[in-house]
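This is what each chain is made of:
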Amino acid sequence: MTFALETIKLQQLAAIQELQECNQFTEKFGLTLTEAQIQRLVNERFEALQENGRIEFGEGVLKKLVYAFCSSPYLYQFDYEDTIAALQETFYYFKNESDDRLSDDELITFMKQTFDGKAQGSLEYLAETSLEELCRKTRYGYSPDGGDSL
Amino acid sequence: MNTSALFPFTDPSANDLSLQDTEQLQIKLWQLVSYQSKRYTMGDSSSLRIETAEELFTSICFLLQLYQIETHIPWQKLLDSNFKELLKESRSLVKARIAQAKSLYARTQQSLPKIKNDFLEDTLTNIGIFFQKYDIYFFAHQIPCIIDYPLACPVPETLYGIEYILQYLQQLLIENHFLQCFPSMDLNCLLSVYIPDYESSLINLYEPVAINAWGHQLLVQTNNTLNISHQEKVLLQQRFQHLSSPELHVIAAASAKKLASELSLSTPIETDYLQHTIDSLIPRLKVALNAQNLNGIFMSW
């Protein structure tokens with residue numbers, strides 16, 4: 001449908017603008033994204049959504065991830081784009097795994113705490129150990145407030 | 001659940017909508033899905049599973065279509081309306097239908113036949129659960145309960161949500177009312193012959209009773225029993241074996257009407273239902289007549 005394509009285009013433009021605005025904030029942490037990197041991240045957002053069978057309305061989660069993770073001591077300029085892309089994909093994957101029982105903010109907070117804490121910047125540890133456990137417990141009624149204490 | 005029947009208005013050719021109108025409609029629907037998804041997640045999540053978004057979309061389509069059918073306003077005119085307002089008004093229509101369904105449900109429970117069937121009981125219990133679980137805000141097209149008990153005339157699969165339940169209850173009430181016309185002893189005998197463990201079998205109770213009652217009407221018998229003896233089957237065989245299917249349909253319609261009148265089934269809808277049930281028997285009856293064996297049609301004991 002034409003209108004669907006138009007809507008996606010509009011969403012992409014909005015996402016690009018959001019990330020451009022993020023640069024102003026993340027500069028003080030020594031992190032910036034080039035136009036090409038922003039474009040790639042936005043494209044990956046739609047791929048990640050599609051791969052995880054999800055649909056997004058309005059603002060995406062990229063901006064929230066950038067704001068949450070830019071202060072991490074384990075995030076460097078040289079792998080900034082790759083890490084944000086991986087975090088984005090991890091985020092959508094675990095939204096599904098938690099049966100949507102975790103809000104965006106709860107999941108991002110947990111991811112950030114674990115990434116900076118136990119995982120010490122390891123995306124593998126974050127995804128394969130802590131988030132798996134969190135989602136398993138969430139499905140059985142666990143409250144995510146425990147954060148890094150898992 | 002095949003919900004394609006809920007989207008005829010997204011097809012421009014079906015409603016004389018221009019391509020431009022259809023695009024405008026689709027944009028409005030998209031905005032409404034976005035609005036509903038925000039309400040559904042209560043702002044906690046920017047994304048949804050595609051299946052959930054599809055269900056939200058289907059619910060919107062169900063509600064808008066209900067409104068359009070009820071008001072008869074053409075889609076071209078509705079396009080200029082505020083869709084959020086339309087959704088609100090559609091929900092009011094659904095609420096009225098829920099009240100109507102609850103009243104029917106109470107009447108159906110009071111009119112249960114004096115014979116037992118586990119599936120009928122379970123289905124009625126489940127319809128009670130439907131009223132607790134039915135979500136008119138997000139999933140108005142869904143039927144959140146299990147309906148096992150089969151009716152003699154199945155409810156069309158093009159009905160969804162409360163529309164389906166209303167129709168189901170109306171038909172069940174007709175069937176119950178009919179079954180109440182006969183002594184429970186007779187019903188028990190007939191159904192025991194039809195299927196020995198009828199109490200725990202997934203069968204419709206109305207149809208075999210209606211067929212035997214109709215057989216009696218054809219024999220011009222006025223006694224209230226449902227039994228059709230083997231001699232009576234021979235009589236029926238002789239009377240109908242040379243008739244064509246169209247002739248049988250004509251006789252079936254007339255005699256079903258007479259039967260409804262004899263049983264004091266007062267409403268036309270009850271007569272129509274009986275006629276339709278008998279009419280759908282004709283192909284089977286024709287085969288049985290050709291085989292000179294009416295044992296599978298009329299029950300004897």
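As a reminder, the structure under discussion sits directly above these lines.
In this text the structure is predicted, and so the values were computed from the model without any measurement.

Draft legend 1. Spotlight on the packing of aromatic side chains. Counting across every chain of the model gives 19 aromatic pairs over all chains. Between the aromatic rings of F91 of chain A and Y92 of chain A, the centroid separation amounts to 5.5 Å while the plane-to-plane angle is 75°, which identifies the pairing as edge-to-face. Overall, the relative accessible area of 0% leaves F91 of chain A in the buried class. Ring geometry for F138 of chain B versus F139 of chain B: centroids 6.5 Å apart, planes at 55°, classification tilted. Take F138 of chain B and F139 of chain B: they sit in the same class, and that class is buried. Positioned above the aromatic ring of Y35 of chain B is the side chain of K84 of chain B, whose terminal nitrogen or guanidinium carbon lies 4.2 Å from the ring centre.

Draft legend 2. Molecular detail of helix 11 (residues 268-279) of chain B. Residues and elements named next belong to chain B. Across its 12 residues, helix 11 extends 16 Å between first and last C-alpha, which sits within 8% of the 16 Å expected from 1.5 Å per residue. Those residues of helix 11 that fall on the buried side of the exposure criterion are E270, T271, Y273, L274, T277 and I278. The arc that holds every buried residue of helix 11, seen down its axis, measures 160°, which confines them to one face. What points out from helix 11, more than 90 degrees from its buried face, is the exposed set P268 and I269. Its buried side turned inward, helix 11 meets helix 6 (161-179), helix 8 (206-218), helix 10 (245-262) and helix 12 (282-290).

Draft legend 3. Representation of the nonpolar core within the structure. Formed by 95 residues in total, the largest nonpolar core has its most connected members in F178, W214, L274 and L285 of chain B. With 11 residues, helix 6 of chain B is the single largest residue contributor to this core. Ranked by size, the runner-up nonpolar core spans 38 residues in total, among them L75, F91, I108 and F110 of chain A.

Thresholds applied
Residues numbered from 1 in each chain as written. Chains lettered and ligands numbered in written order. Predicted model: local features only at pLDDT ≥ 70, side-chain atom pairs only at ≥ 80, totals over all residues. Heavy atoms only, no water. Phe/Tyr/Trp six-rings, centres within 6.5 Å; stacked < 30°, edge-to-face > 60°. Buried < 20%, exposed > 50% of the residue type's maximum accessible area, 1.4 Å probe, protein only. Lys NZ or Arg CZ within 6 Å of the ring centre and 35° of its normal. Helix = DSSP H or I, 4+ residues; strand = E, 2+ residues; numbered from the N terminus. Expected span 1.5 Å × (residues − 1). Arc of directions from axis to C-beta. Contact = heavy atoms within 4.5 Å. Core = buried A, V, L, I, M, F, W, Y, C linked by side-chain atoms within 4.5 Å.

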